[in-house]
Amino acid sequence: MNVCMIGTGYVGLVTGICLAHIGHNVTCVDIDTHKIEMLKKGELPIFEPGLEDLLKVNVSDKRLHFTNDIKQAVQNSQVIFIAVGTPPAKDGNANLTNVFEAAHDIAAALNEYKVIVNKSTVPVGTAEKVSEIIQKNKKSETDFSVVSNPEFLKEGSAIKDIFEGDRIVIGVEDQNAQAIMEQLYKPLSIPVYVTDVKSAEMIKYASNAFLATKISFINEIANVCEKVGADITKVAGGMGLDKRIGASFLNAGLGYGGSCFPKDAKALVETAKQAGYHFKILNAVIEVNDKQKQIMVDKISKYVSKLNNPVVGILGLAFKPNTDDIREAPSLYIIQKLKEQGIKLKAYDPIAMENTKIIIPDITYCSNLYDACRDVDVVVITTEWEEFKNMDLDIVKDSVKTPLIIDGRNIFDPIQMNQKGFKYISIGR
Ligand SMILES: NC(=O)c1ccc[n+]([C@@H]2O[C@H](COP(=O)([O-])OP(=O)(O)OC[C@H]3O[C@@H](n4cnc5c(N)ncnc54)[C@H](O)[C@@H]3O)[C@@H](O)[C@H]2O)c1
(Lines give C-alpha, C1' and ligand atoms only; values in the text may rest on other atoms or scores of the structure.)
Protein backbone atom coordinates (compact mmCIF):
# COMPACT_ATOMS: atom_id res chain seq x y z
CA MET A 1 0.00 0.00 0.00
CA ASN A 2 1.28 3.54 -0.72
CA VAL A 3 1.44 5.51 2.53
CA CYS A 4 2.29 9.15 3.23
CA MET A 5 3.47 10.16 6.71
CA ILE A 6 3.15 13.87 7.45
CA GLY A 7 5.49 14.73 10.34
CA THR A 8 8.71 12.78 10.91
CA GLY A 9 9.20 13.20 14.66
CA TYR A 10 9.32 10.51 17.33
CA VAL A 11 5.97 9.09 16.22
CA GLY A 12 5.84 9.77 12.48
CA LEU A 13 9.37 8.64 11.72
CA VAL A 14 9.21 5.42 13.74
CA THR A 15 5.73 4.57 12.43
CA GLY A 16 6.74 5.37 8.84
CA ILE A 17 9.87 3.21 9.04
CA CYS A 18 7.96 0.33 10.68
CA LEU A 19 5.17 0.48 8.07
CA ALA A 20 7.85 0.31 5.35
CA HIS A 21 9.38 -2.66 7.16
CA ILE A 22 6.11 -4.64 6.95
CA GLY A 23 6.02 -4.09 3.19
CA HIS A 24 4.33 -0.75 2.53
CA ASN A 25 5.73 1.92 0.27
CA VAL A 26 6.12 4.88 2.63
CA THR A 27 6.92 8.52 1.90
CA CYS A 28 7.75 10.65 4.94
CA VAL A 29 7.22 14.41 4.72
CA ASP A 30 8.17 17.20 7.11
CA ILE A 31 8.19 20.98 7.05
CA ASP A 32 11.60 20.81 8.73
CA THR A 33 13.88 20.71 5.68
CA HIS A 34 16.94 19.98 7.82
CA LYS A 35 15.31 16.79 9.14
CA ILE A 36 14.47 15.63 5.64
CA GLU A 37 18.00 16.38 4.40
CA MET A 38 19.45 14.35 7.29
CA LEU A 39 17.11 11.45 6.61
CA LYS A 40 17.93 11.46 2.91
CA LYS A 41 21.59 11.02 3.91
CA GLY A 42 20.65 8.10 6.15
CA GLU A 43 21.09 10.12 9.37
CA LEU A 44 18.52 10.04 12.16
CA PRO A 45 17.36 13.35 13.66
CA ILE A 46 16.29 11.55 16.87
CA PHE A 47 17.72 8.79 19.03
CA GLU A 48 15.65 5.63 19.18
CA PRO A 49 17.26 2.22 19.77
CA GLY A 50 17.29 0.03 16.65
CA LEU A 51 15.87 2.68 14.34
CA GLU A 52 19.02 3.39 12.33
CA ASP A 53 19.29 -0.20 11.10
CA LEU A 54 15.63 -0.29 10.07
CA LEU A 55 16.04 3.04 8.27
CA LYS A 56 18.98 1.74 6.24
CA VAL A 57 17.32 -1.58 5.31
CA ASN A 58 14.10 0.03 4.12
CA VAL A 59 15.77 2.86 2.21
CA SER A 60 18.01 0.38 0.42
CA ASP A 61 14.99 -1.86 -0.32
CA LYS A 62 13.33 1.28 -1.82
CA ARG A 63 10.24 1.08 0.40
CA LEU A 64 11.07 4.29 2.29
CA HIS A 65 11.39 7.80 0.86
CA PHE A 66 11.80 11.31 2.29
CA THR A 67 10.61 14.54 0.73
CA ASN A 68 9.50 18.11 1.39
CA ASP A 69 7.03 17.86 -1.47
CA ILE A 70 3.81 17.19 0.44
CA LYS A 71 1.60 17.52 -2.65
CA GLN A 72 3.31 14.75 -4.54
CA ALA A 73 3.54 12.54 -1.45
CA VAL A 74 -0.21 12.91 -0.81
CA GLN A 75 -1.17 12.35 -4.44
CA ASN A 76 0.92 9.16 -4.68
CA SER A 77 -0.59 7.62 -1.52
CA GLN A 78 -3.80 5.84 -0.61
CA VAL A 79 -3.38 6.38 3.13
CA ILE A 80 -2.19 9.72 4.55
CA PHE A 81 -1.08 9.85 8.18
CA ILE A 82 -1.03 13.09 10.14
CA ALA A 83 1.67 12.64 12.83
CA VAL A 84 2.61 16.24 13.53
CA GLY A 85 3.25 17.73 16.97
CA THR A 86 0.31 18.88 19.12
CA PRO A 87 2.15 20.88 21.80
CA PRO A 88 0.36 22.42 24.76
CA ALA A 89 -1.14 25.86 24.29
CA LYS A 90 -0.76 28.37 27.16
CA ASP A 91 -4.25 27.53 28.50
CA GLY A 92 -3.48 23.78 28.64
CA ASN A 93 -5.43 22.90 25.49
CA ALA A 94 -3.68 21.04 22.67
CA ASN A 95 -2.37 23.44 20.03
CA LEU A 96 -3.77 22.06 16.79
CA THR A 97 -2.14 24.52 14.37
CA ASN A 98 0.13 21.84 12.86
CA VAL A 99 -2.76 19.40 12.41
CA PHE A 100 -4.93 21.97 10.66
CA GLU A 101 -2.02 23.08 8.45
CA ALA A 102 -1.53 19.47 7.40
CA ALA A 103 -5.27 19.22 6.67
CA HIS A 104 -5.04 22.30 4.41
CA ASP A 105 -2.06 20.77 2.59
CA ILE A 106 -3.95 17.51 2.10
CA ALA A 107 -7.00 19.38 0.80
CA ALA A 108 -4.87 21.23 -1.74
CA ALA A 109 -3.37 17.98 -3.01
CA LEU A 110 -6.42 15.69 -2.93
CA ASN A 111 -6.84 14.10 -6.35
CA GLU A 112 -8.69 10.82 -5.63
CA TYR A 113 -10.20 8.89 -2.68
CA LYS A 114 -7.81 8.79 0.31
CA VAL A 115 -7.98 7.64 3.89
CA ILE A 116 -6.64 10.40 6.15
CA VAL A 117 -5.45 9.02 9.45
CA ASN A 118 -5.03 11.18 12.51
CA LYS A 119 -2.16 9.66 14.50
CA SER A 120 -1.33 12.79 16.47
CA THR A 121 -2.88 12.96 19.95
CA VAL A 122 -5.82 15.30 19.47
CA PRO A 123 -8.92 16.23 21.50
CA VAL A 124 -12.28 14.67 20.78
CA GLY A 125 -13.83 16.36 17.77
CA THR A 126 -10.56 17.07 15.92
CA ALA A 127 -11.16 14.47 13.18
CA GLU A 128 -14.46 16.21 12.51
CA LYS A 129 -12.64 19.56 12.18
CA VAL A 130 -9.98 18.02 9.90
CA SER A 131 -12.78 16.62 7.77
CA GLU A 132 -14.46 20.04 7.56
CA ILE A 133 -11.19 21.73 6.52
CA ILE A 134 -10.57 19.20 3.77
CA GLN A 135 -14.19 19.30 2.59
CA LYS A 136 -14.12 23.09 2.42
CA ASN A 137 -10.73 23.46 0.75
CA LYS A 138 -10.39 20.44 -1.56
CA LYS A 139 -9.80 21.28 -5.19
CA SER A 140 -11.54 18.23 -6.66
CA GLU A 141 -14.91 16.52 -6.20
CA THR A 142 -13.28 13.40 -4.81
CA ASP A 143 -14.43 11.70 -1.62
CA PHE A 144 -12.21 10.96 1.43
CA SER A 145 -12.45 9.48 4.94
CA VAL A 146 -10.89 10.77 8.17
CA VAL A 147 -9.90 8.07 10.65
CA SER A 148 -8.55 8.29 14.20
CA ASN A 149 -5.64 5.95 14.93
CA PRO A 150 -3.95 7.11 18.14
CA GLU A 151 -0.40 5.99 18.87
CA PHE A 152 0.65 4.22 22.06
CA LEU A 153 4.39 3.73 21.44
CA LYS A 154 6.87 4.65 24.16
CA GLU A 155 10.10 6.42 23.29
CA GLY A 156 13.02 4.11 24.02
CA SER A 157 11.06 0.98 23.05
CA ALA A 158 9.11 2.44 20.14
CA ILE A 159 9.93 -0.22 17.53
CA LYS A 160 8.97 -3.08 19.84
CA ASP A 161 5.81 -1.20 20.80
CA ILE A 162 4.78 -0.90 17.14
CA PHE A 163 5.60 -4.49 16.19
CA GLU A 164 4.29 -6.04 19.43
CA GLY A 165 1.73 -3.48 20.64
CA ASP A 166 -1.14 -4.54 22.90
CA ARG A 167 -3.74 -3.15 20.51
CA ILE A 168 -4.30 -0.97 17.49
CA VAL A 169 -7.19 1.45 17.97
CA ILE A 170 -9.06 2.51 14.85
CA GLY A 171 -11.86 5.04 15.08
CA VAL A 172 -13.74 5.00 11.83
CA GLU A 173 -17.17 5.92 10.45
CA ASP A 174 -17.24 4.00 7.16
CA GLN A 175 -16.56 0.41 6.15
CA ASN A 176 -14.34 1.22 3.20
CA ALA A 177 -11.86 3.12 5.39
CA GLN A 178 -12.07 0.37 8.04
CA ALA A 179 -11.17 -2.29 5.47
CA ILE A 180 -8.18 -0.26 4.23
CA MET A 181 -6.92 0.31 7.78
CA GLU A 182 -7.28 -3.37 8.68
CA GLN A 183 -5.42 -4.30 5.50
CA LEU A 184 -2.66 -1.80 6.32
CA TYR A 185 -2.01 -3.27 9.76
CA LYS A 186 -2.69 -6.94 8.88
CA PRO A 187 1.00 -7.95 8.72
CA LEU A 188 1.46 -6.92 12.38
CA SER A 189 -1.00 -9.52 13.77
CA ILE A 190 -1.95 -7.25 16.68
CA PRO A 191 -5.55 -7.11 17.99
CA VAL A 192 -7.41 -4.28 16.25
CA TYR A 193 -10.02 -2.45 18.29
CA VAL A 194 -12.47 -0.75 15.95
CA THR A 195 -14.69 1.97 17.33
CA ASP A 196 -16.19 5.33 16.40
CA VAL A 197 -13.88 8.29 15.80
CA LYS A 198 -14.68 10.27 18.95
CA SER A 199 -14.25 7.25 21.22
CA ALA A 200 -10.88 6.50 19.60
CA GLU A 201 -9.74 10.06 20.23
CA MET A 202 -10.81 9.73 23.86
CA ILE A 203 -9.13 6.31 24.32
CA LYS A 204 -5.72 7.94 23.85
CA TYR A 205 -6.33 10.68 26.43
CA ALA A 206 -8.04 8.34 28.88
CA SER A 207 -5.16 5.85 28.65
CA ASN A 208 -2.47 8.47 29.25
CA ALA A 209 -4.49 10.09 32.04
CA PHE A 210 -4.92 6.70 33.71
CA LEU A 211 -1.18 5.95 33.54
CA ALA A 212 -0.38 9.42 34.87
CA THR A 213 -2.82 8.73 37.71
CA LYS A 214 -1.00 5.50 38.55
CA ILE A 215 2.30 7.38 38.73
CA SER A 216 0.95 10.18 40.93
CA PHE A 217 -0.81 7.64 43.12
CA ILE A 218 2.34 5.63 43.78
CA ASN A 219 4.28 8.85 44.42
CA GLU A 220 1.72 9.85 47.04
CA ILE A 221 2.03 6.40 48.65
CA ALA A 222 5.83 6.87 48.60
CA ASN A 223 5.53 10.18 50.42
CA VAL A 224 3.38 8.53 53.10
CA CYS A 225 5.86 5.61 53.29
CA GLU A 226 8.66 8.07 54.12
CA LYS A 227 6.65 9.46 57.00
CA VAL A 228 5.59 6.10 58.49
CA GLY A 229 8.75 4.06 57.86
CA ALA A 230 7.53 1.74 55.08
CA ASP A 231 9.52 1.06 51.87
CA ILE A 232 7.75 2.01 48.64
CA THR A 233 9.64 -0.53 46.51
CA LYS A 234 8.46 -3.33 48.77
CA VAL A 235 4.93 -1.88 48.92
CA ALA A 236 4.75 -1.57 45.11
CA GLY A 237 6.14 -5.11 44.76
CA GLY A 238 3.32 -6.46 46.89
CA MET A 239 0.68 -4.36 45.17
CA GLY A 240 1.82 -5.24 41.67
CA LEU A 241 1.27 -8.97 42.23
CA ASP A 242 -2.46 -8.25 42.28
CA LYS A 243 -3.53 -8.77 38.65
CA ARG A 244 -6.23 -6.12 39.02
CA ILE A 245 -3.48 -3.58 39.74
CA GLY A 246 -0.55 -4.87 37.68
CA ALA A 247 3.15 -4.22 38.32
CA SER A 248 3.82 -1.60 35.66
CA PHE A 249 3.84 2.13 36.34
CA LEU A 250 4.31 1.56 40.07
CA ASN A 251 7.84 3.00 40.30
CA ALA A 252 7.88 5.95 42.65
CA GLY A 253 10.20 8.73 41.58
CA LEU A 254 10.29 12.28 40.33
CA GLY A 255 6.91 12.19 38.63
CA TYR A 256 6.02 11.81 34.99
CA GLY A 257 7.60 13.94 32.27
CA GLY A 258 8.04 13.72 28.52
CA SER A 259 6.09 15.12 25.63
CA CYS A 260 2.87 13.20 26.32
CA PHE A 261 1.63 12.70 29.89
CA PRO A 262 1.99 16.31 31.09
CA LYS A 263 0.37 17.87 28.03
CA ASP A 264 -2.26 15.16 27.55
CA ALA A 265 -3.38 15.27 31.19
CA LYS A 266 -3.79 19.05 30.98
CA ALA A 267 -5.58 18.86 27.62
CA LEU A 268 -8.08 16.33 28.98
CA VAL A 269 -8.79 18.58 31.96
CA GLU A 270 -9.49 21.39 29.45
CA THR A 271 -11.66 19.19 27.23
CA ALA A 272 -13.74 18.26 30.29
CA LYS A 273 -13.89 21.90 31.42
CA GLN A 274 -15.16 23.04 28.03
CA ALA A 275 -17.82 20.34 28.24
CA GLY A 276 -18.86 21.71 31.65
CA TYR A 277 -17.22 19.02 33.77
CA HIS A 278 -14.64 19.45 36.54
CA PHE A 279 -12.19 16.54 36.29
CA LYS A 280 -11.29 16.37 39.97
CA ILE A 281 -8.96 13.37 40.00
CA LEU A 282 -6.93 14.50 37.02
CA ASN A 283 -6.43 17.96 38.49
CA ALA A 284 -5.05 16.32 41.63
CA VAL A 285 -2.80 14.04 39.53
CA ILE A 286 -1.25 17.10 37.87
CA GLU A 287 -0.82 18.89 41.20
CA VAL A 288 0.84 15.85 42.79
CA ASN A 289 3.17 15.51 39.82
CA ASP A 290 4.29 19.13 40.07
CA LYS A 291 4.84 18.75 43.80
CA GLN A 292 6.92 15.60 43.38
CA LYS A 293 9.68 17.47 41.53
CA GLN A 294 9.76 20.15 44.22
CA ILE A 295 10.07 17.46 46.92
CA MET A 296 13.32 16.38 45.24
CA VAL A 297 14.58 19.98 45.09
CA ASP A 298 13.82 20.33 48.80
CA LYS A 299 15.72 17.13 49.61
CA ILE A 300 18.79 18.43 47.77
CA SER A 301 18.48 21.97 49.20
CA LYS A 302 18.31 20.61 52.74
CA TYR A 303 21.87 19.31 52.39
CA VAL A 304 23.53 21.89 50.18
CA SER A 305 22.09 24.97 51.90
CA LYS A 306 24.55 24.43 54.78
CA LEU A 307 27.58 24.42 52.47
CA ASN A 308 29.81 27.13 51.03
CA ASN A 309 29.82 27.14 47.21
CA PRO A 310 28.15 23.73 46.88
CA VAL A 311 28.51 21.70 43.69
CA VAL A 312 25.85 19.18 42.63
CA GLY A 313 26.36 16.46 40.03
CA ILE A 314 23.24 15.59 38.02
CA LEU A 315 23.12 12.11 36.49
CA GLY A 316 20.45 11.95 33.79
CA LEU A 317 18.76 14.63 31.70
CA ALA A 318 16.37 12.67 29.44
CA PHE A 319 12.84 12.32 30.81
CA LYS A 320 13.41 8.57 30.82
CA PRO A 321 16.15 6.13 29.72
CA ASN A 322 16.87 5.22 26.07
CA THR A 323 15.75 8.50 24.59
CA ASP A 324 17.29 11.90 23.87
CA ASP A 325 13.91 13.57 24.53
CA ILE A 326 14.06 16.15 27.32
CA ARG A 327 10.58 17.66 26.88
CA GLU A 328 9.13 18.21 30.38
CA ALA A 329 11.97 16.17 31.90
CA PRO A 330 12.00 16.46 35.73
CA SER A 331 15.79 17.07 35.49
CA LEU A 332 15.14 20.46 33.83
CA TYR A 333 12.93 21.65 36.70
CA ILE A 334 15.44 20.46 39.29
CA ILE A 335 18.39 22.08 37.49
CA GLN A 336 16.47 25.36 37.12
CA LYS A 337 15.52 25.47 40.82
CA LEU A 338 19.07 24.66 41.96
CA LYS A 339 20.49 27.31 39.62
CA GLU A 340 18.13 29.86 41.19
CA GLN A 341 19.77 29.03 44.54
CA GLY A 342 23.20 29.79 43.03
CA ILE A 343 24.29 26.16 43.17
CA LYS A 344 27.03 25.13 40.75
CA LEU A 345 25.99 22.19 38.58
CA LYS A 346 27.72 19.48 36.64
CA ALA A 347 25.66 17.12 34.48
CA TYR A 348 25.95 13.97 32.43
CA ASP A 349 23.53 12.01 30.26
CA PRO A 350 24.50 9.27 27.78
CA ILE A 351 22.36 10.72 24.94
CA ALA A 352 20.43 13.84 25.91
CA MET A 353 23.19 16.41 26.59
CA GLU A 354 23.13 18.05 23.14
CA ASN A 355 19.38 18.73 23.40
CA THR A 356 19.79 20.07 26.95
CA LYS A 357 22.68 22.40 26.04
CA ILE A 358 20.33 24.29 23.71
CA ILE A 359 18.02 25.32 26.55
CA ILE A 360 20.46 25.23 29.49
CA PRO A 361 23.84 26.34 28.14
CA ASP A 362 25.32 27.58 31.43
CA ILE A 363 26.08 24.45 33.47
CA THR A 364 29.08 22.15 33.13
CA TYR A 365 28.45 19.14 30.88
CA CYS A 366 30.71 16.15 31.50
CA SER A 367 31.94 13.47 29.14
CA ASN A 368 31.12 10.60 31.50
CA LEU A 369 29.31 9.92 34.76
CA TYR A 370 32.49 9.78 36.84
CA ASP A 371 33.48 13.27 35.64
CA ALA A 372 30.06 14.49 36.70
CA CYS A 373 30.69 13.06 40.18
CA ARG A 374 34.19 14.49 40.59
CA ASP A 375 34.48 16.90 43.55
CA VAL A 376 30.73 17.31 44.01
CA ASP A 377 28.96 17.63 47.35
CA VAL A 378 25.91 15.65 46.21
CA VAL A 379 25.26 13.23 43.35
CA VAL A 380 21.65 13.45 42.16
CA ILE A 381 20.17 10.67 40.02
CA THR A 382 17.36 11.92 37.79
CA THR A 383 17.13 9.27 35.03
CA GLU A 384 17.39 5.51 35.55
CA TRP A 385 19.82 4.74 32.70
CA GLU A 386 21.32 1.21 32.82
CA GLU A 387 24.75 2.89 32.77
CA PHE A 388 23.96 4.46 36.15
CA LYS A 389 22.60 1.23 37.62
CA ASN A 390 25.92 -0.41 36.69
CA MET A 391 28.20 2.42 37.83
CA ASP A 392 31.38 1.53 39.75
CA LEU A 393 30.45 2.85 43.19
CA ASP A 394 34.06 2.62 44.40
CA ILE A 395 35.18 5.04 41.68
CA VAL A 396 32.23 7.33 42.48
CA LYS A 397 33.11 7.28 46.16
CA ASP A 398 36.74 8.17 45.41
CA SER A 399 35.65 11.00 43.06
CA VAL A 400 33.10 12.89 45.14
CA LYS A 401 33.81 15.47 47.84
CA THR A 402 31.09 13.97 50.05
CA PRO A 403 29.66 10.44 49.60
CA LEU A 404 26.03 11.59 49.39
CA ILE A 405 23.69 10.28 46.69
CA ILE A 406 20.13 11.57 46.34
CA ASP A 407 18.39 9.14 44.04
CA GLY A 408 15.15 10.23 42.39
CA ARG A 409 14.69 6.85 40.69
CA ASN A 410 15.37 4.34 43.49
CA ILE A 411 17.98 2.48 41.45
CA PHE A 412 20.04 1.20 44.40
CA ASP A 413 19.40 -0.81 47.53
CA PRO A 414 19.60 1.52 50.57
CA ILE A 415 21.24 -1.07 52.84
CA GLN A 416 23.94 -1.93 50.30
CA MET A 417 24.59 1.77 49.70
CA ASN A 418 25.07 2.36 53.40
CA GLN A 419 27.41 -0.63 53.57
CA LYS A 420 29.41 0.91 50.70
CA GLY A 421 29.83 4.02 52.85
CA PHE A 422 27.35 6.31 51.13
CA LYS A 423 24.69 8.45 52.71
CA TYR A 424 21.87 7.43 50.38
CA ILE A 425 18.56 9.22 50.15
CA SER A 426 15.88 7.97 47.78
CA ILE A 427 12.11 8.23 47.32
CA GLY A 428 9.66 6.63 49.73
CA ARG A 429 12.19 4.49 51.57
N1 LIG B 1 6.54 11.12 21.41
C2 LIG B 1 5.78 10.15 21.87
O3 LIG B 1 6.23 9.30 22.64
C4 LIG B 1 4.34 10.05 21.47
C5 LIG B 1 3.63 8.86 21.71
C6 LIG B 1 2.30 8.77 21.33
C7 LIG B 1 1.70 9.86 20.71
N8 LIG B 1 2.39 11.00 20.49
C9 LIG B 1 1.72 12.11 19.80
O10 LIG B 1 2.13 12.08 18.43
C11 LIG B 1 2.22 13.41 17.92
C12 LIG B 1 3.61 13.68 17.40
O13 LIG B 1 4.50 13.62 18.48
P14 LIG B 1 6.09 13.58 18.28
O15 LIG B 1 6.67 13.31 19.61
O16 LIG B 1 6.41 12.68 17.14
O17 LIG B 1 6.35 15.09 17.85
P18 LIG B 1 7.68 15.71 17.24
O19 LIG B 1 7.70 17.11 17.65
O20 LIG B 1 8.84 14.83 17.54
O21 LIG B 1 7.45 15.60 15.66
C22 LIG B 1 6.47 16.32 14.97
C23 LIG B 1 7.00 16.58 13.56
O24 LIG B 1 5.97 17.18 12.79
C25 LIG B 1 6.55 18.14 11.94
N26 LIG B 1 5.50 19.05 11.48
C27 LIG B 1 4.83 19.98 12.18
N28 LIG B 1 3.91 20.58 11.42
C29 LIG B 1 3.99 19.99 10.20
C30 LIG B 1 3.28 20.17 8.97
N31 LIG B 1 2.29 21.04 8.87
N32 LIG B 1 3.64 19.40 7.92
C33 LIG B 1 4.64 18.51 8.01
N34 LIG B 1 5.33 18.29 9.16
C35 LIG B 1 5.01 19.02 10.22
C36 LIG B 1 7.62 18.78 12.80
O37 LIG B 1 8.57 19.47 12.03
C38 LIG B 1 8.18 17.56 13.51
O39 LIG B 1 9.24 16.97 12.80
C40 LIG B 1 1.78 14.33 19.07
O41 LIG B 1 0.42 14.58 18.96
C42 LIG B 1 2.06 13.49 20.30
O43 LIG B 1 1.26 13.85 21.39
C44 LIG B 1 3.70 11.13 20.84
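The structure we're discussing is the one just above.
The rules we used
Residues numbered from 1 in each chain as written. Predicted model: local features only at pLDDT ≥ 70, side-chain atom pairs only at ≥ 80, totals over all residues. Heavy atoms only, no water. Buried < 20%, exposed > 50% of the residue type's maximum accessible area, 1.4 Å probe, protein only. Helix = DSSP H or I, 4+ residues; strand = E, 2+ residues; numbered from the N terminus. Pairing = 2+ DSSP bridges. Right-handed = clockwise from strand over helix to strand, strands pointing away. Near = heavy atom within 4 Å. Areas by Shrake-Rupley, 256 points an atom, 1.4 Å probe, with all protein chains shown as cover. Nonpolar A, V, L, I, M, F, W, Y, C, P; charged D, E, K, R; others polar. Domains from an automatic or database assignment. Contact = heavy atoms within 4.5 Å. Axes fitted to C-alpha atoms, helices over the stretch in contact; angles between N-to-C directions.

A. Summary view of the pairing of strand β1 (residues 2-6). When you tally the buried positions in β1, you get four out of five residues, the bulk of the element. Pairing between β1 and strand β2 (residues 25-29): five bridges, direction parallel. If you follow Asn-2 over to β2, its bridge partner there is Asn-25. Handedness of the crossover joining β1 and β2 through helix α1 (residues 10-21) is recorded here as right-handed. Here β1 runs beside strand β4 (residues 79-82); their pairing, made up of four bridges, is parallel. Each bridged residue has a counterpart across the sheet, and for Ile-6 the counterpart in β4 is Ile-82.

B. A look at the pairing of strand β6 (residues 144-148). For β6, the buried fraction is high: five of the five residues fall into the buried class. Relative to β6, strand β5 (residues 114-118) is paired through five bridges, and the arrangement is parallel. Note that in β6 the partner of Ile-116 across the bridge is Val-146. Of the crossover connections in this fold, the one passing from β5 over helix α6 (residues 126-137) to the parallel β6 is right-handed.

C. Up close: the site of the ligand. Taken together, 25 residues lie near the ligand, and Asp-30, Lys-35, Thr-86, Glu-155 and Lys-263 sit nearest. The protein chains hide 91% of the 830 Å² of surface that the ligand would expose on its own. Counting residues per element, the ones that place at least two in the shell around the ligand are α1 and α5 (97-109). Looking at the shell around the ligand residue by residue, the classes come out as eight nonpolar, eight polar and nine charged. Residues from two domains meet in the shell around the ligand; each of domain 1 (2-195) and domain 2 (197-429) gives at least three.

D. Summary view of the sheet that holds strand β9 (residues 311-315). Strand order in the open sheet formed by six strands is β11-β10-β9-β12-β13-β14, and the pairing between neighbours is parallel. A single partner strand is all that each edge strand has here, and the edge strands are β11 (364-365) and β14 (423-425). With four bridges connecting them, β9 and strand β12 (residues 378-381) associate as parallel partners. Bridge pairing in β12 links Leu-315 to Ile-381. In this fold helix α13 (residues 330-340) packs onto β9 and β10 (344-348), with an angle of close to 175° to the strand it touches most, β9.

E. View of the environment of Pro-87. Relative to the helices and strands, Pro-87 is located in the loop between β4 and α5. Residue Pro-87 is classed as partly exposed on the basis of its relative accessible area, which comes to 36%. Residues Pro-87 and Ser-259, 172 residues apart in the sequence, show an inter-C-alpha distance of 8.0 Å. Sequence-distant contacts of Pro-87, that is, excluding residues within four places in its chain, are made with Asn-93, Ala-94, Asn-95, Asn-98 and Lys-263.

Function cannot be read off these values alone, since they describe shape.
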